[in-house]
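# Descriptive structure summary
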Amino acid sequence: MCSAPSAGLAQTEALVGADAFLRSSYAWRGQTRSGRWVIQPDVYLAAAGPSLIVTAGWWGNIEIADDATAGGTGLGRAFLGQNDVWLEGGLDLRPAFVRGGIVRYFFVDGAVGQTADAVTTTELYFDAWTNLGALVPRASLWLDVDRVRGAYLETALDLRVPVLPSRLPTVSLYLTGLAGWSLGQELDSGDPARPAYFADGGLTHVDLGLELRWGELDRYASLEIHFLLARDEGARPDNGGSGRSSVWVGLGGSDRWVLGVF
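So, here's what we can say about the structure. Remember, it's a predicted structure, so these values are computed and weren't measured experimentally. Starting from 1, residues in each chain are numbered consecutively following that chain's sequence as written. Selection of residues for local features in this predicted model requires a pLDDT of at least 70, selection of side-chain atom pairs for listing and counting requires 80 or more, and totals for whole chains, interfaces and linings are taken over all residues. No hydrogens and no water enter the side-chain calculation; it runs on all heavy atoms of the structure.

## Let's talk about the sheet that holds strand 6 (residues 79-93)
In plain terms, the rule: Pairing between two strands is assigned when DSSP locates at least 2 bridges connecting them. The numbering of helices and of strands both runs from the N terminus, where a helix is a DSSP run of H or I of at least 4 residues and a strand a run of E of at least 2. All axes here are fitted lines through C-alpha atoms, helices being fitted over the stretch that makes contact, and every angle between N-to-C directions spans 0 to 180 degrees.
In spatial order, the strands read 1-4-5-6-7-8-9-10-11-12-13-14; together these 12 strands close into a barrel with antiparallel pairing. Here the average twist between neighbouring strands, direction ignored, is 20°. Looking at chain direction, strand 1 (residues 13-23) and strand 14 (residues 245-261) are connected through 11 bridges and run antiparallel. Residue Leu-22 lies in a different strand from strand 14, and its bridge partner there is Leu-251.

What follows is the structure, given as structure tokens:
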């Protein structure tokens, strides 16, 4: 999902936004769902006011490899294998920000090596962060209410370093350290048939990211590189990983437009 625009506007605005990223692989919660190049677009509509923002959007994963080993769709050709739709509300409580919503994950047959009915699911999520100067600590929680029925937590710390602060648009460097945690989405030894995303509970992986952005907060071009170190082997044998560490790179951008003020 994309990062929705911030609230804090003097008036209520209707907004439309879009992102598009080209990435060397598709990593989801520390698991490599596709080791081939993918395009990940999204679009959203939002109503943003002085302290409240409501957003609805769509996100997709498109494999561009025409190869039988392209594991994300399992169909051996480029394909839109995953579609996520979501609805969320956010509050601007500066210096803190919170949001919560619901997301529905849709997969085609063969995505992540299983039938669509076996992996399609719904999650509730909550996200909170605060600005401490250049540092932004944040925490995000996803609760699967349909298939796995467990929780997944991410804790992260972002550091924004202005590279050319006097230039407009600005150029900034973002350093990110992220840790993922399974809180009930792991295999259950007492019920091996219960669906799961991870083999064990607790820490699942660490993600260290470096991103160069050119532009504004909600309108920018981005070049990024991520190093993932997985502690958990994953609950599925088809997660595409070939070891405990991986690197992926990405290039893309984000933009938004004001539809009207009311």
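## Comments concerning the pairing of strand 10 (residues 151-164)
When strand 9 (residues 135-144) meets strand 10, the two strands line up antiparallel, connected through nine bridges. Residue pairing in the sheet places Ala-139 in a bridge with Thr-155 of strand 10.

## Observations regarding unusual backbone geometry
Pro-95 follows Arg-94 through a cis peptide bond whose omega is 15°. Examined against the element boundaries, Pro-95 turns out to sit in the loop between strand 6 and strand 7 (96-107). For Arg-29, which is not glycine, the phi torsion reads 55° and is therefore positive. Phi angles above zero are rare outside glycine, and Arg-149 is one such case at about 55°. Relative to the helices and strands, Arg-149 resides in the loop between strand 9 and strand 10.

## Overview of the side chain of Ser-222
Using the following cut-off: For every residue, the accessible area (1.4 Å probe, protein chains only) is compared with the maximum for its type, and the residue is labelled buried under 20%, exposed over 50%, or partly exposed between those bounds. Counted as a polar contact is a pair of N or O atoms within 3.5 Å, where, for protein atoms, one must be capable of donating a hydrogen and the other of accepting one, and residues adjacent in sequence contribute only when both atoms are in side chains. The contact criterion used throughout is that any non-hydrogen atoms of two residues lie within 4.5 Å.
Mapped onto the elements of the fold, Ser-222 is located in strand 13 (residues 220-230). With relative accessibility at 2%, the residue Ser-222 sits in the buried group. Within polar-contact distance, the side chain of Ser-222 engages the side chain of Glu-211 at 2.6 Å. Residues contacting Ser-222, with those up to four places away along its chain left out, are Phe-21, Glu-211, Leu-212, Arg-213, Gly-250, Leu-251 and Gly-252.

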